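Breakdown of the fold
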Amino acid sequence: PVTPLVEALNNAKSAGAACCALACVASDTPGRAALVEAKGVPALVALLEDDDAKCACAAAQVIRNLACDDKGRRALLINGGAAALSAAGLEGDDEATQLRVEAIANLCLGDAADRAAAVNAKCIRPLAKRA
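A short tour of the structure in this document, coming up. (Residues numbered from 1 in each chain as written. Predicted model: local features only at pLDDT ≥ 70, side-chain atom pairs only at ≥ 80, totals over all residues. Heavy atoms only, no water.)

1. With respect to the overall build of the protein chain
Just so we agree on the cut-off: Helix and strand labels come from DSSP, where a helix needs a run of H or I of at least four residues and a strand needs a run of E of at least two; each type is numbered from the N terminus. Using C-alpha atoms as the atom set, the radius of gyration is obtained and then compared with a globule rule of 2.2 Å times the number of residues to the power 0.38. Contact criterion: two residues are considered in contact whenever any of their non-hydrogen atoms come within 4.5 Å of each other. Accessible surface is estimated by sampling points in the Shrake-Rupley manner with a 1.4 Å probe; for residues, cover comes only from the protein chains shown. Counting rule applied: Lys, Arg positive; Asp, Glu negative; His and chain ends not counted. Charge positions come from single atoms, namely NZ of Lys, CZ of Arg, CG of Asp or CD of Glu.
Counting its secondary structure elements, the protein chain contains 10 helices and 0 strands. When the helices and strands of the protein chain are placed in sequence order, the string is α-α-α-α-α-α-α-α-α-α. Compactness check: the protein chain gives a C-alpha radius of gyration of 13 Å against a globular reference of 14 Å for 131 residues, within 12% of the reference. In terms of its C-alpha atoms, the protein chain occupies a principal-axis envelope of roughly 40 × 30 × 20 Å. Partitioning the intrachain contacts of the protein chain with sequence separation of at least 6 by distance along the chain shows that 64% fall at a separation of at least 24. For the protein chain, the computed accessible surface area is about 6,500 Å², with 56% contributed by carbon and sulfur atoms. Counting 14 positive and 16 negative side-chain charges, the protein chain places the centres of these two groups 4 Å from one another.

2. With respect to helix α6 (residues 70-78)
We count it as follows: Partly exposed describes any residue whose relative accessible area lies between the buried limit of under 20% and the exposed limit of over 50%, with all areas from a 1.4 Å probe on protein chains only and scaled to the type maximum. By arc we mean the arc of the directions from the helix axis to the C-beta atoms, nothing more.
Residues G72, R73, A75 and L76 constitute the buried set of α6. The buried residues of α6 occupy one face: seen down the axis, they fall within an arc of 165°.

3. Quick look at the pattern of salt bridges
Counted only if it meets this: For this analysis, a salt bridge means a side-chain nitrogen from Lys or Arg found within 4 Å of a carboxyl oxygen belonging to Asp or Glu.
Across all of its chains, the model carries 7 salt bridges by this definition. For the salt bridge of D70 with R73, the shortest nitrogen-to-oxygen distance reads 2.5 Å. Taken together, the residues D70 and R73, both in helix α6 and 3 residues apart, mark about one turn of the helix. Accessibility expressed as a relative area gives 47% for D70, which makes it partly exposed. For R73, a relative accessible area of 6% gives the class buried. Where D114 meets R73, a salt bridge forms, and the shortest distance between an N and an O atom there is 3.5 Å. Of this pair, D114 sits in helix α9 (residues 112-120) while R73 sits in helix α6, and the two are 41 residues apart along the sequence.

See below:
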């Protein structure tokens, strides 16, 4: 049932609503696995820098949820998620920035390779400034 939502990510008119729905889907392990299997991660990573701030924020929420387990972390890292989170910005107090910071923190919960990917994507220095 996530395939139509993943397809909707590629339509500017429906991407925001699809991200909101996918945030709920990605709130548990089976939902995160279904999202990864439906190949939704590349579109979500691209939406982090969407011109529509609500859509970018919703994408950050889904990505934060995806980064909660190994399968989601791997999919995000393979698809440039750490670099995209860093490029979208990790400084500021708005909700989208907070979600991106939480996503990076979740990426760092993985193994040494996951943490190295976050370091290589230049995600750690902005986080250290927030501490």
